[in-house]
Amino acid sequence: MSLQSQLNLEFTSINQIKFRRITIIGGRGRMGKLFAEQLAAIGHQVNALGQQDWDDAEQLLSQAELVIISVPIEYTVDVIKRAAKYLTPSTALCDITSIKIQPTQAMLTHHNGAVMGLHPMFGPSVSSFSEQKVVVCPGRNDDEFQWLLDLIENQGGELITSTPEEHDEMMVFIQATQHFYRFSLGVFFAQANVDIERSLLMSSPSYRQEIEIIKRLFRQNPSLCVDIMLATEERCQAINDLADTYGRLAKLVVNKDREALIKEFEKNKVIFSG
Ligand SMILES: NC(=O)c1ccc[n+]([C@@H]2O[C@H](COP(=O)([O-])OP(=O)(O)OC[C@H]3O[C@@H](n4cnc5c(N)ncnc54)[C@H](O)[C@@H]3O)[C@@H](O)[C@H]2O)c1
Ligand SMILES: O=C(O)C(=O)C[C@]1(C(=O)O)C=C[C@@H](O)C=C1
C-alpha cells in the first residue's frame, strides 16, 4: 500500500473514531500493558484495575464502555464474577485468557451485556497487532466489539473465529503439548549445564530459532506456562501421551533399532506433507 493511501486510511479512521472509556483488569501485567498501550495510542481513555485497586472498582468498572479481563488463567473466572457485579448491561465485556470455555461461560453467566472471548496468539513482546493472529469466540451482541476487531484488522492482524470448545481442543496441541516439550527441553539443557551462548555460535538456523523460543518461554511468568499445561484434564492426558511417545521412541533409540525408527518416520510423515 502506498504511503498516500496509508495516510488516507488513517485519516478516514481518525475521522470515524469514537473514543471509549476502557478498563483493563490486570492492565499493568504483560498483556494488559500491551493492550492498554495499543488502545491509548489511538486516543481511547484506558484505565488499569490491578490487584490492589478493587476499592476503586465501582468507579473503574461501572462507567466503562469496554472491560477487558487480562489476569492469570487461574484467577480469570473469579475475577469475572467479581467484576460483573459492577457492570451495567451497556458495558461490553471480553477476556484475553489463553483458555476459552470457562471464561466465556462465566462472562455469559454473570454479565447481561455484550460478551466476547479473545485469545491473542502472541506474547507481550510484539509492538502492534500487525501480522498477529487473534482467535475470536463470539458470545453475545458481537456487534459491540466490531470497532475493536476492526482496530486489530486495520493494524494488519488476523481474526480467526472459533467456538470456545474448538479453541480449547486445538490449544491442547498448539499450546499445552508445545509448552511441555519446550519446558522439558529447557529443564534438560539446564540439567546438562549446556553453555547456550557457545552452542549458538556453532548452530543451525533451526536450533537458533528453537533456543529463542525457549528463552522467550522462560522469560514469561512461570504461572502462564504451568497453567497452560494444567488448564484441563485433556491437556494433562495429552502431555502424558506425549511423554509415552518419547518413552516408546527412546526405547527404539536405546535398542539401536534403526529399521523401526525409519518405519515410524515413514508412517507418520504423511500428516505433515500438506
Ligand atoms: N503473556 C502472554 O504471552 C499471553 C498471550 C496471550 C494471552 N495471555 C493471557 O493474558 C492473561 C494475562 O497474562 P500475562 O502474561 O499478562 O500475565 P501477568 O502476570 O503479566 O499479568 C497479570 C496481571 O493481572 C494482575 N492480577 C492478578 N490477579 C488480579 C486480580 N484479582 N485483580 C486484578 N488484577 C489481578 C496481576 O497483578 C498482573 O498485573 C492470561 O490470562 C494469559 O493466559 C497471555
Ligand atoms: O511469547 C510468544 O511469542 C507467545 O506466543 C506467547 C504465547 C504462546 O507461547 O503460545 C503465550 C500464551 C498465549 O496464550 C499465546 C501465546
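What you see is a predicted model; the values in this text were computed from it and never measured.

Peer 1: Hey, could you go over the domain arrangement of the protein for me, with residue numbers and the actual values?
Peer 2: Segmentation of the protein into domains returns domain 1 (3-162) and domain 2 (167-272). Each of domain 1 and domain 2 has a C-alpha centre, and these two points are 32 Å apart. Facing 16 residues of domain 1, the contacting portion of domain 2 comprises 14 residues. Note on domain 1 versus domain 2: buried area summed over both sides is about 1,100 Å², and carbon and sulfur give 56% of it.

Peer 1: Please provide a residue-by-residue account of the site of ligand 2, values included.
Peer 2: Around ligand 2, the structure places Ser98, His119, Pro120, Phe122, Gly123, Gln175, His179, Arg216, Gln220, Leu224 and Ile228. Within the side chain of His179, an N or O atom sits 3.2 Å from an oxygen atom of ligand 2. At 2.8 Å from an oxygen atom of ligand 2 is found a side-chain nitrogen or oxygen belonging to Arg216. About the coverage of ligand 2: the protein hides 80% of its 370 Å² of free accessible area. For the shell around ligand 2, the secondary structure elements donating two or more residues are strand E5 (115-120), helix H7 (164-191) and helix H10 (222-230). When the residues that make up the shell around ligand 2 are grouped by side-chain class, the tally is four nonpolar, six polar and one charged. Each of domain 1 (3-162) and domain 2 (167-272) accounts for three or more of the residues forming the shell around ligand 2.

Peer 1: Give a description of the pairing of strand E2 (residues 45-49) that names residues and reports values.
Peer 2: Alignment of strand E1 (residues 21-25) against E2, held across five bridges, turns out to be parallel. Paired with Ile25 across the two strands is Leu49, which belongs to E2. The parallel pair E1 and E2 is bridged by helix H2 (residues 30-41), and the resulting crossover is right-handed.

Peer 1: Run through the UniProt feature "domain: Prephenate/arogenate dehydrogenase" (unreviewed entry) in the protein, naming residues and quoting values.
Peer 2: Mapped onto the present numbering, the UniProt feature "domain: Prephenate/arogenate dehydrogenase" (unreviewed entry) falls on residues 20-274. The annotated region residues 20-274 carries 55% helix and 14% strand content, and the separation between its end C-alpha atoms amounts to 44 Å.

Peer 1: Pulling in residues and values, what's your account of helix H4 (residues 73-84)?
Peer 2: Compared with the 16 Å implied by 1.5 Å per residue over twelve residues, the 17 Å span of H4 between its first and last C-alpha is a close match. For H4, every residue scored as buried is listed here: Ile73, Thr76, Val79, Ile80, Ala83 and Ala84. End-on, the buried residues of H4 take up no more than an arc of 120°, which puts them together on one face. On its buried face, H4 is in contact with E1, helix H3 (57-62), strand E3 (66-69), helix H5 (101-110) and H10.

How each quantity is defined
- Residues numbered from 1 in each chain as written.
- Chains lettered and ligands numbered in written order.
- Predicted model: local features only at pLDDT ≥ 70, side-chain atom pairs only at ≥ 80, totals over all residues.
- Heavy atoms only, no water.
- Domains from an automatic or database assignment.
- Contact = heavy atoms within 4.5 Å.
- Buried area = accessible area lost by both parts, 1.4 Å probe.
- Near = heavy atom within 4 Å.
- Polar contact = N/O pair within 3.5 Å; in protein donor to acceptor, adjacent residues only side chain to side chain.
- Areas by Shrake-Rupley, 256 points an atom, 1.4 Å probe, with all protein chains shown as cover.
- Helix = DSSP H or I, 4+ residues; strand = E, 2+ residues; numbered from the N terminus.
- Nonpolar A, V, L, I, M, F, W, Y, C, P; charged D, E, K, R; others polar.
- Pairing = 2+ DSSP bridges.
- Right-handed = clockwise from strand over helix to strand, strands pointing away.
- UniProt positions renumbered as here; feature names shortened; annotations may be inferred.
- Expected span 1.5 Å × (residues − 1).
- Buried < 20%, exposed > 50% of the residue type's maximum accessible area, 1.4 Å probe, protein only.
- Arc of directions from axis to C-beta.

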